[in-house]
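Observations on chain architecture
This is what each chain is made of:
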Amino acid sequence: MKTDNLPENPYILLTPGPLTTTKTVKSVMMRDWCTWDEDYSRIVQRIRNQLVRLATDHNGYTAVLMQGSGTFSVESTIITAVPKTGKLLVLANGAYGRRIAQIAKRASIPLLIHDNGETDPPDLERLEKTLTTETDITHVAVVHCETTTGMLNPVEEIGRIVRSHGKRYIVDAMSSFGGIPMDMHRIGADFVISSANKCIQGVPGFGFVIANRALLAKTRGNAGSLSLDLYDQWETMEHHEGKWRFTSPTHAVRAFAQALEELAEEGGIAARYERYVGNHRRLVRGMKKLGFSPLLDERWQSPIITAFHSPVHPDYTFKEFYRNLKKQGFVIYPGKVTDLDTFRIGNIGDVFSADMEALIQVVERSMYWMEK
């Protein structure tokens, strides 16, 4: 696979997706594909099978691909999995948990929200009490890695409580699937949602859902949307050998197939997790030496993205700091915490410890406010 003619990236994306991809992932998008072609359909089917194997070794699960950003897949899951006669409990501790709640509200799905603030994990005792008293709750949803802060929520402990009460469990693993070891059967998840341009290290264009096959088969007619009907999408892919209902993002799908191969070549999820952890640790160590403080307690911190308190200085602005880093080859993320001034740096993608070392040097050169 020739990559010599591909231009170099002007900067490294240190974001939670889209992220920096390999030249080989980018290069496979140089060919056009027909959505009806048998070769393309075989690629889709292979991807679906690979995703299930990444999610669990147990039988009884299936995968569905859905066009659009990751939120499209989250919405398709919520409106398909939770019937109007059901009730959803959302454990929200950041913007993406609240987005799940917003989706449910728009779809007129009965809803209860546990919002525990953005710097603390969900309250498990409160969850236990609520499921004991609010017996009409049918589904519980949580974000695994809340990229608002980098919080890694305890999905296994949550799942144990949810299953003990006989409820259905939805895990938004958008920015963690493929980068953090997790067996959906072991944690009791019925639906796990992610996107092509996260830890698998593909490009934007579609998301995917790994689901309990028997449960998904019972959701026909639940969705109040044509294009986001997860059941219809699954049924078409299942019975028509990988066919999508509507035009699929062929280039992104082919790039994702290549990214899955590269994940396997790296050593699978465990090896990628170790690389991400190494990136995070090097980042935090270097940033602390420069006087930056991480937002979260380390016990709740994911290796996906790290939030830092912004410098308390009258001359500091994120925009100028961002521009300085970008000029020197690194793009970071603004903060998303509601009431704190923060910025975020991603540790995922085709990024290694040497890149983090280089970033720390660039950050030090870009601390213009210290010179005034």
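See the structure printed just above.
All of the points below concern the structure found in this document. It should be emphasised that the depicted structure is a prediction, and the values quoted were computed from it without experimental measurement. (Residues numbered from 1 in each chain as written. Predicted model: local features only at pLDDT ≥ 70, side-chain atom pairs only at ≥ 80, totals over all residues. Heavy atoms only, no water.)

Across its 18 residues, helix 2 (residues 38–55) extends 26 Å between first and last C-alpha, which sits within 8% of the 26 Å expected from 1.5 Å per residue. Every buried residue of helix 2 is accounted for by Tyr-40, Ser-41, Ile-43, Val-44, Ile-47, Arg-48, Gln-50, Leu-51, Val-52 and Ala-55. Taken together, the buried residues of helix 2 touch strand 2 (61–67), helix 7 (184–187), strand 10 (206–212), helix 9 (230–239) and helix 10 (250–266). N-capping of helix 2 is provided by Asp-37, with a side-chain oxygen placed 2.8 Å from the backbone N of Asp-39. (Helix = DSSP H or I, 4+ residues; strand = E, 2+ residues; numbered from the N terminus. Expected span 1.5 Å × (residues − 1). Buried < 20%, exposed > 50% of the residue type's maximum accessible area, 1.4 Å probe, protein only. Contact = heavy atoms within 4.5 Å. Polar contact = N/O pair within 3.5 Å; in protein donor to acceptor, adjacent residues only side chain to side chain.)

Another point: the pairing of strand 10. The buried fraction of strand 10 amounts to 7 of the 7 residues, a majority that puts the element mostly inside the structure. Judged from the 7 bridges that link them, strand 2 and strand 10 form a sheet pairing that is antiparallel. The residue bridging Ala-63 from the neighbouring strand is Ile-210, located in strand 10. (Pairing = 2+ DSSP bridges.)

In this section: the pattern of salt bridges. Scanning all chains against the criterion turns up 15 salt bridges. For Arg-98, the salt bridge is made with Glu-118, and the minimal N-O distance between the two is 2.9 Å. Residue Arg-98 is located in helix 4 (residues 95–106), and its partner Glu-118 is located in the loop between strand 4 (111–115) and helix 5 (124–133); the two are separated by 20 residues in the primary sequence. On the basis of relative accessibility, which here comes to 29%, the residue Arg-98 falls in the partly exposed class. For Glu-118, a relative accessible area of 9% translates into the label buried. We note a salt bridge from Glu-156 to Arg-160, for which the minimum N-O separation is 3.9 Å. Residue Glu-156 and its partner Arg-160 are located together in helix 6 (residues 155–164), separated by 4 residues, close to a single helical turn. (Salt bridge = Lys/Arg side-chain N within 4 Å of Asp/Glu carboxyl O.)

What follows deals with unusual backbone geometry. Residue Pro-18 is bonded to the preceding Gly-17 through a cis peptide linkage, with omega at 0°. For Pro-18, the location among the structural elements is in the loop between strand 1 (12–13) and helix 1 (23–27). Of note, the phi angle at Ser-108 is positive, near 60°, even though the residue is not glycine. When you line up the elements, Ser-108 lands in the loop between helix 4 and strand 4. Taking the relative accessible area as the measure of exposure, Ser-108 reaches 56% and is therefore exposed. Of note, the phi angle at Glu-241 is positive, near 55°, even though the residue is not glycine.

Moving on, we get to the layout of surface pockets. Estimated volume of the largest pocket: approximately 380 Å³. Along its surface, the largest pocket is lined by 24 residues, and Thr-71, Tyr-96, Arg-99, Met-174 and Lys-198 are the ones closest to its centre. Considered class by class, the residues forming the lining of the largest pocket number 10 nonpolar, 10 polar and 4 charged. In this structure, the second largest pocket encloses a volume near 260 Å³. (1 Å grid on protein atoms, 1.4 Å probe; cavity = no way out; pocket = protein on both sides within 12 Å on 5 of 7 lines; lining within 4 Å. Points joined across faces, edges and corners; volume = space filled by probe spheres on them. Nonpolar A, V, L, I, M, F, W, Y, C, P; charged D, E, K, R; others polar.)

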